[in-house]
Amino acid sequence: MEDQALFEQHHKTGQTFSYGTAGFRSKSDGLDPVMFAVGVVAGIRSMFLEGSVVGVMITASHNPPEDNGVKIVDPRGEMMEQSWEKLATQVANSACESYEAFCHAVSVVCMSVGVKRSAMKGRIVVARDSRASGPRLLQAFLAGVKWVGNVEAYDYGTLTTPQLHFLASQSNIGKLEDKTSAAPLPRVHETAYYDTFLSAWTSIAQIAGFDSLPYPVTIDAANGIGAAKVREMLLNHPFFQKDVSLVNADWHAAALLNHQCGADFVKTNQRLPQGVEGSRAGINCSFDGDADRVVFYFCDSEAKFHLLDGDKLATLLARFFKTLLEDAGVQEQVSLGVVQTAYANGSSTAYIERILQVPVSCTPTGVKHLHHEAVTRFDIGIYFEANGHGTVVFSPQALQKLQDKLETVEVGPHAHRALQLILLFSKLINQTVGDAITDMLAILAVLSILKWSPETWDSEYTDLPNKLVKVVVPDRTIFKTTNAERQLTSPPGLQAKIDAAIARVLRGRSFVRASGTEDAVRVYAEAATETEAHLLAKEVDELVRTY
Ligand code: G16
């Protein structure tokens, strides 16, 4: 009965949920039972993994302040295995029904994965972003953890999403091999995050011979938790304090989160966020609300805005690592590739394949898909969504090869430096998931090493004009796609109409997909000219609305 009382405290009915692009997301009001259910599922997941630490992040990232969400992070810091998403959805929806339905769903899950709750132990680390609903939803989550029993949970308080991914993975070092170790939580403190990445930065700067940033950097932190963490990590650090300014840093003002600022605003509107002046020298970047995305931009001498989005980050890094692999003489032994989604600008894909001659792979939206593809296909896998969400992953085998070469083979100074740099960049980049802070540091390090201005970076290729629109429809679930989301299979007949609209435009490309984080359908269009890209987006928008 006590267990049921715990459940009832957080019980609400009326909504149906689905574990989407990045976990459960919706307006925060109805999420309490979902949080309770996630406490239970995360506990069972950890038991299933023999007590390995599982992470839980309470965030709605780029979405508006009134939204919230939650996702489960597996022990290596990657997103929860996809086969469990269905189980999480079933338990979450049963928690919105009744206590009986909930207990039944939990039993079914435990039976299907072979977990006996009374006999097993689970460990969870949890964190939340700066949203006002965070503390309430955390309580619902912790009640779920208590309900499942035998689960130890540690609350990190407020973190960025990539910090939580990183700390969850670090908590399992040693544990993944030694199943008997059960040191109490937290096994790793937040400072480990700062120390790890700053130490890699310092080593890179020493080897590459730079002792300051190439130009001033303005960071728009979207009034999110990234502001607090940048302040802690960089603003008192001698390397950064002179040249880094932080704007939109009011993370206590929950209503300002992602409002007229942040990575999503800048990418979608292709203009400066509030608080950043076009006349400011140097380079600017914008994080999103939980600092897992970053885009860069600058204004030229004629005050024209230039966006350096996720595609430009991927191409810069692909060019950089390709050169380092060649300098190190290991281009035949270590494979390099880029993973993109349908949102990647056509010019970026052409540049990577034709100019850099690096293979490109395309997956559906969602870093979980890109991450998986990058890890399984390449030794050095660079993945970025155009919205700035991405990272670089390095296979342990490739890193070992590079380390062996560095230690055992006679290599010239040029190759030696290249080997050292690749190894150090693998430590500077948070490989568990896209991370605005470490991606920003990696890009700044590359620009410093290449001695490139933002203009030089931008001039590598020219984006095709493009437009992204959000369309609110009565039921987004009818929009089903195939071919890495590039074509609709449902509603019937709509794709043929879109194809006809595309054919009327020079170098036209457009696609439609249902968002997995918002109640809307997204339309992307690109074409040879801005006018045509906008016309195509408008026409497809109209087709979607009037379907
Ligand atoms: C999440 C995902 C991203 C995805 C974005 C938008 O980002 O992690 O991979 O691109 O949602 O997804 P959708 O178009 O399905 O709404 P974030 O930054 O919100 O966590």
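In every chain, residue numbers begin from 1 and rise along the written sequence. Confidence filtering applies because this is a predicted model: local features only for residues at pLDDT of at least 70, side-chain atom pairs given and counted only at 80 or more, and all residues used for totals across whole chains, interfaces and linings. Only hydrogens and water are set aside when side-chain values are computed; all heavy atoms of the structure are taken into account.

J.: Explain the sheet that holds strand 14 (residues 390-394) to me, and be specific about the residues and the numbers.
T.: Spatially, 12-11-13-14 is the arrangement adopted by the 4 strands of the open sheet, whose pairing is mixed. At either end of the open sheet lies a strand with only one pairing partner, and these are strand 12 (360-362) and strand 14. Shown here is a sheet whose adjacent strand axes are inclined to one another by a mean of 20°, direction ignored. Whether two strands pair comes down to DSSP finding at least two bridges between them. Helix numbering and strand numbering both begin at the N terminus, where a helix is a DSSP run of H or I of at least 4 residues and a strand a DSSP run of E of at least 2. Sheet analysis places strand 13 (residues 380-384) next to strand 14, joined by 5 bridges and oriented antiparallel. From the neighbouring strand, Ile380 faces strand 14, where its bridge partner is Phe394. Each axis is a line fitted through C-alpha atoms, and for a helix only the stretch in contact is used; angles between axes span 0 to 180 degrees, taken between their N-to-C directions.

J.: Could you give an account of the site of the ligand, naming the residues involved and the relevant values?
T.: Within the structure, the ligand sits among 19 residues, and His62, Glu385, Ser515, Thr517 and Arg522 are positioned closest to it. One nitrogen or oxygen atom from the side chain of Asn387 is found 2.9 Å from an oxygen atom belonging to the ligand. Here the ligand has 470 Å² of accessible area as a free molecule, and 98% of this is covered by the chains. Class assignment for the residues of the shell around the ligand results in 2 nonpolar, 10 polar and 7 charged. The nearness test applies per residue and asks whether one of its heavy atoms lies within 4 Å of the molecule or strand. Side-chain atoms alone can form a polar contact between residues adjacent in sequence; in general such a contact is a pair of N or O atoms within 3.5 Å, and within protein one must be able to donate a hydrogen while the other accepts it. Residue exposure ignores everything except the shown protein chains as possible cover, and the areas themselves are Shrake-Rupley values with a 1.4 Å probe. Three residue categories are used. Nonpolar comprises Ala, Val, Leu, Ile, Met, Phe, Trp, Tyr, Cys and Pro, charged comprises Asp, Glu, Lys and Arg, and polar comprises the others, including Gly.

J.: Describe in detail the domain arrangement of the protein, supporting the description with residues and values.
T.: Considered domain by domain, the protein is made up of domain 1 (2-185), domain 2 (194-308), domain 3 (312-413 + 425-432) and domain 4 (466-545). Distance from the C-alpha centre of domain 2 to the C-alpha centre of domain 4: 32 Å. Here the bounds of each domain stem from an automatic or database domain assignment.

J.: Hey, could you go over the pairing of strand 2 (residues 53-58) for me, with residue numbers and the actual values?
T.: For each residue, the accessible area found with a 1.4 Å probe, counting protein chains only, is set against the maximum for its type, and the residue is called buried under 20%, exposed over 50%, and partly exposed in between. Taken across its 6 residues, strand 2 has 6 buried, putting it largely inside the fold. Taking every second residue as pointing to the same face, both faces of strand 2 are buried, with Val53, Gly55 and Met57 on one and Val54, Val56 and Ile58 on the other.

J.: If you had to explain unusual backbone geometry to someone new, which residues and values would you point to?
T.: For the peptide bond that leads from Leu185 to Pro186, omega is 0°, which places it in the cis range. Mapped onto the elements, Pro186 comes out in the loop between helix 6 (161-171) and helix 7 (191-208). For the bond from Ser490 to Pro491, the omega torsion is 0°, close enough to zero to count as cis. Tracing the chain through its elements places Pro491 in the loop between strand 17 (487-490) and helix 17 (494-503). The backbone of Asn223 shows a phi angle near 55°, a positive value even though the residue is not glycine. Mapping Asn223 onto the fold places it in the loop between strand 6 (217-220) and helix 8 (225-235). When its relative accessible area of 6% is taken as the criterion, Asn223 is described as buried. Positive phi is not limited to glycine here, since Ala303 has a value of about 65°.

J.: Talk me through the sheet that holds strand 19 (residues 521-526); I want residue IDs and the actual numbers.
T.: Whenever strands of a sheet pair, they do so through backbone hydrogen bonds, lying parallel or antiparallel. With antiparallel pairing, 3 strands are arranged side by side in an open sheet as 15-19-18. Every other strand in the sheet has two partners, leaving strand 15 (466-471) and strand 18 (509-514) as the edge strands with one partner each. Here the strands of the sheet are splayed against their neighbours by 15° on average, with no regard to which way each runs. Summarising the sheet, strand 18 and strand 19 pair through 6 bridges and their orientation is antiparallel. Paired with Ser510 across the two strands is Ala525, which belongs to strand 19. Here, two residues are considered to be in contact whenever any of their heavy atoms come within 4.5 Å of each other. Of the strands in this sheet, strand 15, strand 18 and strand 19 touch helix 18 (residues 530-545), which is tilted by about 20° from strand 15.

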